[in-house]
Amino acid sequence: MAPGTSRSPQAVQSTMVGRAAISEGLVLEGSLRAPAGSDWRGAMAAQRGSEIHALCRQIVQAAQKMVIDCMYEPDMPDRKWKQNGEALSALFGLPHSEDLSIEEMQRRERRIKAMASETRRLLQAQPTVIRVPVPAKVFGDVHGQLRDLLLLFGHYGFPSHHWGGDIETTTYIFNGDWVDRGAHQIEVVMLLFALKCLYPGRVFLVRGNHEFRSQSISMGPAGFRSHLAQLFHHLDDKGESAYEAVHCSFDWLPLAAVVGDVVLVLHGGIGDGSWGVRDLSSVGRPLRDEHDPSVPDCVRQALWSDPAESDEEMYLGVHENPKIPVRVQFGADVTASFCKREGLCLVVRSHQYVREGVKLMHGGKLATLFSARNYMDGAQNDSATLLIAPDGQGMLRVRIKRLQQRMDKS
């Protein structure tokens with residue numbers, strides 16, 4: 001592509017049709033009419049013409065333009081790309097400078113709180129375990145690495161009904177851990193919230209262990225709370241009201257998704273396997289602290305447990321994690337028994353980075369998925385997404401879509 005050439009699609013786009021597209025005098029038969037008030041995007045989708053709809057569209061369209069830039073520019077670490085709030089300004093369609101005024105910071109903070117409030121409204125209406133139709137794409141941990149997420153969208157499809165997006169035919173699941181450690185934590189959250197608000201019946205958000213206040217705070221300077229404090233350093237509350245607004249939305253996030261009736265998606269794992277999907281479904285929300293004694297143990301296991309690294313006999317059963325006691329390790333036999341009892345073919349979890357972005361385990365009944373490349377700038381790992389789709393022969397296929405790691409150490 002020649003320097004200076006526009007990278008944005010030039011054709012005029014519209015999802016609406018004009019009068020010339022409809023035969024004169026046409027009256028649609030009653031059986032062909034969509035039910036009154038229905039919306040293909042999902043119940044309670046952001047109302048077209050509303051301020052929140054305009055903000056969500058701005059964020060999604062800006063992200064699509066970023067995808068095009070990322071696809072053509074030299075590869076680089078996420079932390080070196082659009083630094084110091086530049087990406088957030090671009091998503092919001094606001095001018096950026098290295099030292100924003102208090103008024104400009106307040107403007108961004110108000111938009112964050114508006115997005116969080118609208119997302120919370122939608123999450124409150126959804127159950128703790130959501131049912132998701134196929135075809136579906138599943139994404140693992142992102143940890144604030146927005147550029148890697150955008151590259152996955154660029155290579156394998158964007159969740160939009162514009163610019164070649166596939167949201168009308170494919171659902172999307174984001175399996176937690178969007179914040180902490182990375183350089184673009186609030187930007188990842190704003191993009192996912194915007195997608196959820198525009199397409200509540202097509203985009204599904206599942207909670208990870210990092211979407212809790214205790215984890216954000218324990219991460220110190222790398223945590224989500226500190227991330228917002230750095231962005232909003234001129235404000236009296238250092239971004240605390242935005243932080244709390246986002247976490248109030250996180251408190252209502254579902255804990256798992258069942259895809260196509262046979263694939264369970266949850267962040268950590270199945271723990272000791274003594275509980276089932278129904279137990280997780282009955283967990284009440286809002287859920288502020290997963291370590292509260294009143295919270296059922298299945299919640300902590302769903303968020304924190306890990307699979308045994310090997311299918312060998314010595315790794316069967318349930319074991320304590322020697323490094324982190326709360327993270328129970330479960331063997332292939334536990335996974336097999338759980339899947340048989342629950343009528344599942346596969347458990348997809350995230351929570352741990354894996355070298356090739358995905359790792360198949362436990363006789364093929366378990367997959368670990370990670371969507372941030374070169375994790376924390378120190379690991380040499382790919383990122384990946386999974387496409388779960390019927391193959392036309394009565395089979396549900398799982399296809400791995402991978403983005404190769406950067407080979408440099410910059």
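## Quick notes on the overall build of the protein
Then, number 1: Counting its regular elements, the protein contains 11 helices and 14 strands.
Then, number 2: Principal axes of the C-alpha set define a box for the protein whose edges measure 65 × 60 × 45 Å.
Then, number 3: Looking at the protein residue by residue over its 410 residues, the buried ones come to 52%.
Then, number 4: As presented, the protein carries roughly 18,400 Å² of accessible surface, and 51% of it is formed by carbon and sulfur atoms.
Then, number 5: Of the side chains in the protein, 46 bear a positive and 48 a negative charge, and the two mean positions are spaced by 4 Å.

## Digging into the confidence of the model for the protein
Detailed reading of the predicted model is not advised wherever pLDDT is low.
Then, number 1: When pLDDT is averaged along the protein, the result is 91; 91% of the residues meet or exceed 70.
Then, number 2: Within the model, the stretch residues 1–6 combines pLDDT values under 50 with three contacts to residues more than four positions away or in other chains.

## Comments concerning the packing of aromatic side chains
Then, number 1: Under the definition given, this model contains 16 aromatic pairs.
Then, number 2: Seen from their ring centres, Phe139 and Tyr172 are 5.9 Å apart, and the 10° between their planes marks the pair as stacked. Of this pair, Phe139 sits in strand β2 (residues 136–139) while Tyr172 sits in strand β3 (residues 171–174), and the two are 33 residues apart along the sequence. Assigned by exposure class, Phe139 and Tyr172 land together as buried.
Then, number 3: With centroids separated by 6.0 Å and ring planes inclined at 45°, the aromatic side chains of Tyr353 and Tyr375 adopt a geometry described as tilted. Of this pair, Tyr353 sits in the loop between β10 (346–349) and β11 (358–361) while Tyr375 is found in the loop between β12 (366–369) and β13 (383–390), placing the two residues 22 residues apart along the sequence.

## A few points about the nonpolar core
Then, number 1: Counting 65 residues, the largest nonpolar core has Met115, Leu150, Phe153, Phe174 and Ile186 as its most contacted members.
Then, number 2: If you tally residues by element for this core, the top one is helix α5 (residues 185–198), at 11 residues.
Then, number 3: When residues no more than four places from it in sequence are discounted, the contact partners of Met115 are Ile52, Leu55, Cys56, Ile59, Met190, Phe193, Ala194 and Cys197.
Then, number 4: Within the second largest apolar cluster, 27 residues are counted, among which are Leu266, Cys298, Trp304 and Val334.

## A look at the side chain of His227
Then, number 1: By the element assignment, His227 lies in helix α7 (residues 224–231).
Then, number 2: Exposure remark for His227: the relative accessible area of 8% places this residue in the buried category.
Then, number 3: Non-local contacts of His227, meaning those with residues more than four positions away in its chain, are made with Gly182, Ala183, His184, Gln185, Ile186 and Glu187.

## With respect to the pattern of salt bridges
Where charged atoms from two side chains of opposite charge come close, those side chains can pair.
Then, number 1: Summed over the entire model, instances satisfying the criterion amount to 24 salt bridges.
Then, number 2: For Arg108, the salt bridge goes to Glu104, with nearest N and O atoms at 2.7 Å. A residue pair is termed a helical-turn pair when its members lie 3 or 4 positions apart in one helix, as Arg108 and Glu104 do in helix α3 (residues 102–124) at four residues.
Then, number 3: Take Arg108: its relative accessible area is 2%, and that puts it in the buried class.
Then, number 4: Ionic contacts of the salt-bridge type, sharing partners, join the residues Glu73, Asp75, Arg147, Asp148 and Arg373 into one network.

## Overview of the pairing of β13
Then, number 1: Taken across its eight residues, β13 has seven buried, putting it largely inside the fold.
Then, number 2: Here β2 runs beside β13; their pairing, made up of four bridges, is antiparallel. Note on β13: the bridge partner recorded for Phe139 is Thr385.
Then, number 3: As paired elements, β13 and strand β14 (residues 396–403) share eight bridges and run antiparallel to each other. The residue bridging Ala389 from the neighbouring strand is Arg397, located in β14.
Then, number 4: Counted between consecutive antiparallel strands, the loop separating β13 from β14 contains five residues, among which Gly392 sits at a positive phi close to 85°.

## Comments concerning the sheet that holds β10
Then, number 1: Spatially, the six strands line up as an open sheet ordered β1-β5-β6-β10-β12-β11, and their pairing is mixed. With partners counted over all chains shown, the strands left at the sheet margins are β1 (129–132) and β11, one partner each. For this sheet, the mean angle separating the axes of adjacent strands, direction not counted, is 20°.

## Details of the side chain of His161
Then, number 1: Summarising the element assignment, His161 is placed in the loop between α4 (146–156) and β3.
Then, number 2: Within the structure, the side chain of His161 is placed 2.8 Å from the side chain of Tyr199, a separation counted as a polar contact.

Basis of the calculations
Residues numbered from 1 in each chain as written. Predicted model: local features only at pLDDT ≥ 70, side-chain atom pairs only at ≥ 80, totals over all residues. Heavy atoms only, no water. Helix = DSSP H or I, 4+ residues; strand = E, 2+ residues; numbered from the N terminus. Buried < 20%, exposed > 50% of the residue type's maximum accessible area, 1.4 Å probe, protein only. Areas by Shrake-Rupley, 256 points an atom, 1.4 Å probe, with all protein chains shown as cover. Lys, Arg positive; Asp, Glu negative; His and termini not counted. Charge placed at Lys NZ, Arg CZ, Asp CG, Glu CD. pLDDT = per-residue confidence, 0-100. Contact = heavy atoms within 4.5 Å. Phe/Tyr/Trp six-rings, centres within 6.5 Å; stacked < 30°, edge-to-face > 60°. Core = buried A, V, L, I, M, F, W, Y, C linked by side-chain atoms within 4.5 Å. Salt bridge = Lys/Arg side-chain N within 4 Å of Asp/Glu carboxyl O. Pairing = 2+ DSSP bridges. Axes fitted to C-alpha atoms, helices over the stretch in contact; angles between N-to-C directions. Polar contact = N/O pair within 3.5 Å; in protein donor to acceptor, adjacent residues only side chain to side chain.

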